[in-house]
Amino acid sequence: MFTFQPMTTSFRLRFLILISFIAFISLGLPDGLLGIAWPFISEKLDIPLDNLGVLLMFFVAGYLSSSLTNSKIMSKISLGWLLALSCFFTGVSLFGFAVSNQWIFLILSSYFLGSGGGAIDTSLNIFASAKFSPSVVNWLHAFYGIGATSGPLILTWLFTMGHTWQSGYFFVGSIQISLGILFLLTSKMWAVKEDKTEVKQENISYRLTLQKPMVWLSILIFFVYTGLEVSVGQWLFTLITQSRSILESSAGLWVSTFWGSLTLGRILFGFILKRTSTVKVLQLAMVGIIFGATAFLIDLSNLMSFTGVFLIGFSCAPVFPSMIALVPKLYGEKFAANIIGFQISAAMIGGALLPAVSGFLTDPFGWEVLPISFLVQAILLAFCYFFLIKNLKIKPENF
């Protein structure tokens, strides 16, 4: 009996990694749908296109309600049950998107969709930063990209088969429910006793954590980065169909290319980070995002703009997971849980607020204000990152 214990432990750890990958696919699928479905939802409910920002704000409110109370939730239920219940929440919420005929019900669906996603995201990122290398964390987030890439492809494929956007939400909602059942059936495999790291992290107050000035800058980086990523992912379809005469069938592939390049980048950077400095990779990524945003803004040709979209997605790839992975090294393990919680919360706020602001600007300035906002956010992101590295006196060879 005792002879097989090491193998059992090893298998269980590998299973946790595998199930974490699956969970991040489930996080990405709904995000990839909304950018394409939104013009149709707007028309169905007879609401302005710029109301997408309002919907995203309620999504974030739900996200924050679960992510900021994550430690309390985890003290009541196991991670396996948390994943199962969260998938059920997101599945039912996606069904709500498909059947809602009133704006208020769509808002409620968005809120509960965020609640389910926030619980998964926060707990798994804290776990990953403590247990996984930067390479594995990048691969973990690559599976989010697989989900986000698959969403537009699923919806585009359903369009070509003569189905409506509602079919896409029912399809993805069914996948979420199926994943919830899988997590429920395997919930006992998550009943693994953690070490004392988590307890130590909970004893560190938020006030003590926020007394570190560079923590605030790190939080700002996540706010700006996620705002940029979501802005491009959610507004790209509407922008190029409304302003640049791209057909809806082709525009869906543009959106999939953005999420696909994000996914491809995270897979490739997972290997690259085994051989080079995380800090150097992030420096190149910041420059790449600016070049991609510039190419998309200039729009000398469809090919140039398409290349810009690809470059933005590819360069964004290592930013979120690598910054998460660096937290224990930059600030100490005892602060990691608090800081990651703040970072993810800031990311969700940025993911709602910045796309909303960009959307509201389209009313007085037109759709082409969006590429300008992408570039401004890219420059601000790079400035914050390089300022952080300089003030923490980080030597790339040590990170």
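Our subject is the structure that appears above.
Below you will find a few notes about this structure. (Residues numbered from 1 in each chain as written. Predicted model: local features only at pLDDT ≥ 70, side-chain atom pairs only at ≥ 80, totals over all residues. Heavy atoms only, no water.)

## Overview of the side chain of Ser315
Tracing the sequence through the fold places Ser315 in helix α13 (residues 302-316). A residue is classified by how much of its surface remains accessible, and Ser315, at 5% relative accessible area, is buried. Within the local environment of Ser315, its side chain forms a polar contact with the backbone oxygen of Leu311, the two atoms lying 2.9 Å apart. Discounting chain neighbours no more than four positions away, the residues touching Ser315 are Ala285, Gly288 and Ile289. (Helix = DSSP H or I, 4+ residues; strand = E, 2+ residues; numbered from the N terminus. Buried < 20%, exposed > 50% of the residue type's maximum accessible area, 1.4 Å probe, protein only. Polar contact = N/O pair within 3.5 Å; in protein donor to acceptor, adjacent residues only side chain to side chain. Contact = heavy atoms within 4.5 Å.)

## Here we look at α13
For α13, which comprises 15 residues, the first-to-last C-alpha distance of 21 Å matches the rise-based estimate of 21 Å (1.5 Å per residue) to within 8%. By the burial criterion, the buried members of α13 are Ser305, Gly308, Val309, Ile312, Gly313, Ser315 and Cys316. Where the residues of α13 are buried, they touch α10 (213-242), α11 (248-272), α12 (278-298) and α14 (319-331). (Expected span 1.5 Å × (residues − 1).)

## Regarding unusual backbone geometry
The backbone phi angle of Asp46 is positive, close to 55 degrees, even though this residue is not glycine. Its location among the elements puts Asp46 in the loop between α1 (5-45) and α2 (52-67). For Asp299, which is not glycine, the phi dihedral falls at a positive 55 degrees. With respect to the helices and strands, the residue Asp299 is situated in the loop between α12 and α13.

## Concerning the nonpolar core
Core analysis: the largest hydrophobic core is formed by 117 residues, its most contacted members being Leu34, Ile41 and Tyr169. It is α10 that provides the largest number of residues to this core, a total of 16 residues. Apart from the residues lying within four places of it in its own chain, the contact partners of Ile41 are Leu34, Phe97, Leu106, Trp165 and Tyr169. (Core = buried A, V, L, I, M, F, W, Y, C linked by side-chain atoms within 4.5 Å.)

## Some points on the environment of Ile36
Note on placement: Ile36 falls in helix α1. In sequence terms Ile36 and Phe237 are 201 residues apart; their C-alpha atoms lie 6.0 Å from each other. For Ile36, the contacting residues outside a window of four places in its chain are Pro152, Leu155, Thr156, Phe159, Phe237, Gly252 and Val255.

## Regarding the packing of aromatic side chains
Taken as a whole and assessed by the stated rule, the structure comprises 20 aromatic pairs. On the basis of an interplanar angle of 55 degrees and a centroid distance of 6.3 Å, the ring pair of Tyr225 and Phe320 is categorised as tilted. Separated by 95 residues along the polypeptide, Tyr225 in helix α10 and Phe320 in helix α14 bring together distant segments of the chain. Judged by relative accessible area, Tyr225 falls into the buried class, the value being 1%. By relative accessible area, which is 7% here, Phe320 ends up buried. One aromatic cluster is present, formed by Phe89, Tyr111 and Phe112 through successive ring pairs. Above the plane of the ring of Phe296 lies Arg244, whose end atom (NZ or CZ) is 4.4 Å from the centre. (Phe/Tyr/Trp six-rings, centres within 6.5 Å; stacked < 30°, edge-to-face > 60°. Lys NZ or Arg CZ within 6 Å of the ring centre and 35° of its normal.)

## As for the packing of α10 against α11
It is at 7 Å that the axes of α10 and α11 come closest, and there the two elements cross at 160 degrees. Of the possible angle classes, the one that applies to α10 and α11 is roughly antiparallel. Of the two elements, α10 crosses α11, and the hand of that crossing is right-handed. In contact with Tyr225, Glu229, Val232, Gly233, Leu236, Phe237, Ile240 and Thr241 of α10, α11 contributes Glu248, Ala251, Gly252, Trp254, Val255, Phe258, Trp259, Leu262 and Arg266. Split into classes, the residues belonging to the contact of α10 with α11 amount to eleven nonpolar, three polar and three charged. (Axes fitted to C-alpha atoms, helices over the stretch in contact; angles between N-to-C directions. Parallel < 35°, antiparallel > 145°, perpendicular 65-115°, else oblique. Left-handed = near helix turned anticlockwise from the far one by under 90°. Nonpolar A, V, L, I, M, F, W, Y, C, P; charged D, E, K, R; others polar.)

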